[in-house]
Amino acid sequence: MLRARYFLNNGYPQYADADLALLPAEDASKPQAVTLRARALNTLGRYGESEALLDRLMATHGKTSALLALQADTKLQLDRVEDAAALVDEALRMSPMDAQALYTRGRILERQVQPQQAREAYERALASDANFAPALSRLWHLQEDAGQKREAMETLERLYFLGESSIDEKAALAGHYAAFSMQLTRAKLLIDEALRRDPENSTWKAVRASIGKRGATQSRSRGPVMIRPGR
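It should be emphasised that the depicted structure is a prediction, and the values quoted were computed from it without experimental measurement. Along every chain, residues carry numbers that run from 1 in the direction the sequence is written. The predicted origin of the model limits local features to residues at a pLDDT of at least 70 and limits the giving and counting of side-chain atom pairs to 80 or more, whereas totals for whole chains, interfaces and linings rest on all residues. With hydrogens and water excluded, all non-hydrogen atoms of the structure serve as input to the side-chain values.

J.: Teacher, can you tell me more about the nonpolar core here?
T.: Note on soluble globular proteins: their nonpolar side chains tend to be buried together. Ranked by internal contacts, the top residues of the largest apolar core, which has 55 residues, are Ala135, Ala174, Ile191, Trp204 and Ile211. Per element, the largest residue contribution to this core is seven residues, and it comes from helix H12 (residues 167-180). We call a set of buried Ala, Val, Leu, Ile, Met, Phe, Trp, Tyr and Cys residues a nonpolar core when their side-chain atoms join them within 4.5 Å. Only protein chains enter the accessibility calculation, which uses a 1.4 Å probe; a residue whose area is less than 20% of its type maximum is buried, one above 50% is exposed, and one in between is partly exposed. If you look at the next biggest cluster of nonpolar residues, it comprises seven residues, including Leu8, Ala16, Leu20 and Ala40. Think of it this way: any DSSP run of H or I at least four residues long counts as a helix, any run of E at least two long counts as a strand, and we number them from the N terminus.

Below, the structure written as structure tokens:
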């Protein structure tokens, strides 16, 4: 389970799904395993399988706001926006501050081109659960689109320190660090990790070059090191 969660958060949903498929039947049917696999299947675009898994889980364990919200997210991926909205409404009637439901409402609002309302939904999700990574992953995009670069960087930092950053988000954080000429050592580590995954990514190579230039400029600006003679 832990390894599958790591794979899913780091952009390897196929490995997460493979690990979860190895669970004994008794463990594989538990809600935490089913919901993790549903997330992996959604990431892989296998929405029908995810929908069936969640339907079976709710039939055996009953409806919860979290399961309804995850099923709503699956419906949204299938472009069944009205069905998704109805499930979100049902989830929020059960639990008005359910982070997953508020997040999915934000996704629906983004689909309806209502970025400010979507941002408010993500912020409410984070007010309910400050560590809810999916909401952070959407929020930084909206902040960046609104020209709020420093806020986007701070949101990316939250994801990073939670250990929930995707490889693209690590590269984005490195880019923001470079733009603000800060945390350049960490920025280099992040962008080097990204480039090991995709060495020919031109955007990431440009970030790496920018970090190198800024690091060199900072070193020169410090001036010569004065060595005091010994007594």
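Still more to cover.
J.: Could you clarify how one ought to interpret the packing of aromatic side chains in this entry?
T.: Any two aromatic rings considered together are summarised by their centre-to-centre distance and by the angle between their planes. In summary, the pairing rule links any two rings of Phe, Tyr or Trp, Trp by its six-membered ring, whose centres are within 6.5 Å, and it sorts them by plane angle into stacked for under 30 degrees, edge-to-face for over 60 and tilted for everything else. Counted according to the given criterion, the structure contains seven aromatic pairs. Judged by centre distance (5.4 Å) and plane angle (25°), the rings of Tyr12 and Tyr15 are stacked. Tyr12 sits in the partly exposed class, given a relative accessible area of 25%. Accessibility expressed as a relative area gives 43% for Tyr15, which makes it partly exposed. Centroid distance Tyr103 to Phe132: 5.9 Å. Interplanar angle 70°. Geometry classified as edge-to-face. One end of the pair, Tyr103, is in helix H8 (residues 99-111); the other, Phe132, is in the loop between helix H9 (115-128) and helix H10 (133-145), with 29 residues separating them in the sequence. The two residues Tyr103 and Phe132 agree in class, both being buried. Among the aromatic residues, those joined into a ring-pair cluster are Tyr6, Phe7, Tyr12 and Tyr15. Sitting over the ring of Phe180, Arg150 keeps its end group 4.2 Å from the ring centre. A positively charged side chain is recorded as over a ring if its NZ (Lys) or CZ (Arg) lies within 6 Å of the ring centre. The angle to the ring normal must also be within 35 degrees.

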